[in-house]
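The residues making up each chain are set out below.
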Amino acid sequence: MADWPKVNPEKLLTLVSDAYDGRLVLPEFQRSFVWSRQQVEDLLESVLQGYFIGNFLALEAYGSSRPFPPKLVEGVQELHLSVDVKTVSVKRYVLDGQQRITAIFYALYAPPIPLKGSKNPYKFFVNVEKLLASGPSDAIEGISTRDMRELTRAEKYAAEGRYLPFTFLKDNLKVMEWLWSEQTYLKTRENKNKLQQYITRVYDYPVPVISIDENIGIEAIVDTFEKINRTGTRLSTFDLLVARLYPDVKLRDLWESFEDDASVKLGLKPGDFVEVLEPEYLLKVISLVLGRSCKRAALLELSHKDVEEHWDRATEHVINAMKRLRESYGVRDFKRHVPYLAMLPALCALLIRIDDLGKSKALYDKLDQWYWAAVFSQRYESSADTYASTDYTDISKWFSGERMPEWFEQVSARLVPETLDVSDTRSAVYRGVMCLIVLRGAKDFWTGQTPSLDIYEEDHIFPKSKYKGNASVNSVLNRTLIAKTTNSLGKKGARKPSDYLRIFAENLLNENALKDILNTHLIEDQAYQAMNNDNLAEFVKERQNTVYEEIISRLPRRKNS
């Protein structure tokens, strides 16, 4: 039977020292250190002031027992190479207090890792003059290692005794030798005693540590995590399921293996894939295939058997779905051009359903109609998990011969050309239109060739510099894709359309060749005439109609038509 939680005051620096030696660790599924320089400074100020910084919650570990895979506090591995998380004798896991302990460790040990919002590590100092004159407020300075001028100044001041590096505080003998023998700034015993009081406050700073017994069980521990994270930075659903399924399924290992495999198959750079796809999307696919919801509560109910039975198929179709986004739906960049990543679980699950029903062209056609209808009706703008669950159920029934969902058959009737005049590049409509241009081939204005997607760039058709007073100048209807060289070498640039169209027509030797190229950008004859007349309003009107008809051709037919 587990003991009741115990509450004991412990010295903060003892906890940090245990973290350095690997006796105090984090559960492997805990999130990374996410504090900024300002947050670290604020915590250090609170400690120097003697303010309360909150309770800590720790899970006791006995001997070789490991209720969770452990990971070291961030920065420990870089500084203490002899500590091996696989063999270290774990004493406790931090369940609540990770950010605070890591922040204090960061200030005292200065690991070579950047803080949130920066690319370089920071070092922290106390401005002794400010500290003694007015207290800890504004006396703490975090200085980037990139700023060599400021760092050199701070280290010079530290040698003189005007600054106190926080790294000195991890060694009581060193800091006292510095205070009483080395520094030359503080002349009077009174000032030295005052500074020593602040130093002693850090050394003796007590924190209440609530220790719980590992015998309370994994489920109770994970429930504790969920409650803790309701008011702070929530653990993701994936993080929590890692804990729930351990040790039956090592979900983190499965994900990392899949991430590596998917990055290779999709031609993504290492690390890019996780920026595109959240790990819990895979859990949503599995939940949908099982006929359940995509919501957090449903995902947390997945069993290890559910994951074991469906993981491989889900990962296979996530890759298939992302390839389909590229090849069938015109997505050039997963991070910037997918209309709704939140649609991905439903798309994956529907691809699995098509597999089960025998892979026919008619089913893929229906899938495509659903995709474009959801994009241009902006269906996944909110309540994405609810719509994913509903769409998987309803579209699966449609695949099997039942009636098309009512919302679906009404999209064509409700979509009007005016809804396409959007300027927000994050909008699903904006991204959807750019994807349609990709699918049309988007031949380059100068060469007449279809360039590879990595040398395309989005550009204004009527230049922004000359039409900046027009409300539609940034609209997607005034944007298209051209090769970077065509834009940068002065062939187009900031010229008015009538000027650059003449140059392009001369290069292509005839006007009809230019018209054919413009047609691949959803620019037809009347819009072409508006370009020759430098009439942006007329151009937007005509192109709007062309884009509208292109979208309608991809949607289900209007009801009763």
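See the structure above.
What follows concerns the side chain of arginine 543. Within the secondary structure, arginine 543 sits in helix H27 (residues 536-552). Despite its burial, arginine 543 pairs with no opposite charge; the closest candidate is aspartate 421, at 9.7 Å N-O. Within polar-contact distance, the side chain of arginine 543 engages the backbone oxygen of leucine 477 at 2.9 Å. Within the structure, the side chain of arginine 543 is placed 2.7 Å from the backbone oxygen of histidine 521, a separation counted as a polar contact. Every residue in contact with arginine 543, bar those within four places of it in the chain, is listed here: Ile437, Ile461, Val476, Leu477, Asn478, Arg479, Thr480, His521, Leu522, Ile523 and Ala527.

Quick look at the nonpolar core now. By size, the foremost hydrophobic cluster in this structure holds 113 residues, and its most contacted members are Leu251, Phe258, Trp370, Phe376 and Phe539. Leaving out residues up to four positions away in the same chain, phenylalanine 258 has contacts with Phe273, Leu277, Leu282, Trp311, Thr315, Val318 and Ile319. Judged by nonpolar contacts, the second largest core, of 69 residues, contains Val16, Val47, Leu72 and Leu115.

Moving on: the sheet that holds strand E8 (residues 163-165). One open sheet holds the three strands; their spatial order is E7-E6-E8, and the pairing between them is antiparallel. Where the open sheet ends on each side, the last strands, each with one partner, are strand E7 (140-144) and E8. Here the strands of the sheet are splayed against their neighbours by 35° on average, with no regard to which way each runs. In this sheet, E7 lies alongside strand E6 (residues 122-127) in antiparallel orientation, the contact comprising five bridges. Residue pairing in the sheet places phenylalanine 124 in a bridge with glycine 142 of E7. The strands touched by helix H2 (residues 37-49) within the sheet are E6 and E7, with E7 carrying the most contacts at an inclination of about 150°. Helix-sheet contacts for helix H6 (residues 148-160) involve E6, E7 and E8, and the interaxial angle to E7 is about 135°.

Looking at where threonine 480 falls in the secondary structure, it is placed in strand E11 (residues 479-483). If we ignore the near neighbours within four places in the chain, the residues touching threonine 480 are Met434, Ile437, Phe445, Glu457, Glu458, Asp459, Ile461, His521 and Arg543. Of note is the side chain of threonine 480, whose polar atom sits 2.6 Å from the side chain of histidine 521.

Let us now look at the pattern of salt bridges. Per the counting criterion, the structure on display carries 27 salt bridges. Two residues, aspartate 21 and arginine 23, come together in a salt bridge whose shortest N-O distance is 3.2 Å. Linking glutamate 458 and arginine 479 is a salt bridge whose minimum nitrogen-to-oxygen distance equals 3.6 Å. One end of the pair, glutamate 458, is in strand E10 (residues 456-460); the other, arginine 479, is in strand E11, with 21 residues separating them in the sequence. Residue classification places glutamate 458 among the partly exposed positions, given a relative accessible area of 23%.

The next subject is the side chain of glutamate 10. Considering the arrangement of structural elements, one finds glutamate 10 in strand E1 (residues 6-11). Taking the relative accessible area as the measure of exposure, glutamate 10 reaches 19% and is therefore buried. Within polar-contact distance, the side chain of glutamate 10 engages the side chain of arginine 92 at 2.7 Å. Non-local contacts of glutamate 10, meaning those with residues more than four positions away in its chain, are made with Leu15, Arg92, Tyr205, Pro206, Val207 and Val209.

About the criteria used
- Residues numbered from 1 in each chain as written.
- Predicted model: local features only at pLDDT ≥ 70, side-chain atom pairs only at ≥ 80, totals over all residues.
- Heavy atoms only, no water.
- Helix = DSSP H or I, 4+ residues; strand = E, 2+ residues; numbered from the N terminus.
- Buried < 20%, exposed > 50% of the residue type's maximum accessible area, 1.4 Å probe, protein only.
- Lys, Arg positive; Asp, Glu negative; His and termini not counted.
- Salt bridge = Lys/Arg side-chain N within 4 Å of Asp/Glu carboxyl O.
- Polar contact = N/O pair within 3.5 Å; in protein donor to acceptor, adjacent residues only side chain to side chain.
- Contact = heavy atoms within 4.5 Å.
- Core = buried A, V, L, I, M, F, W, Y, C linked by side-chain atoms within 4.5 Å.
- Pairing = 2+ DSSP bridges.
- Axes fitted to C-alpha atoms, helices over the stretch in contact; angles between N-to-C directions.

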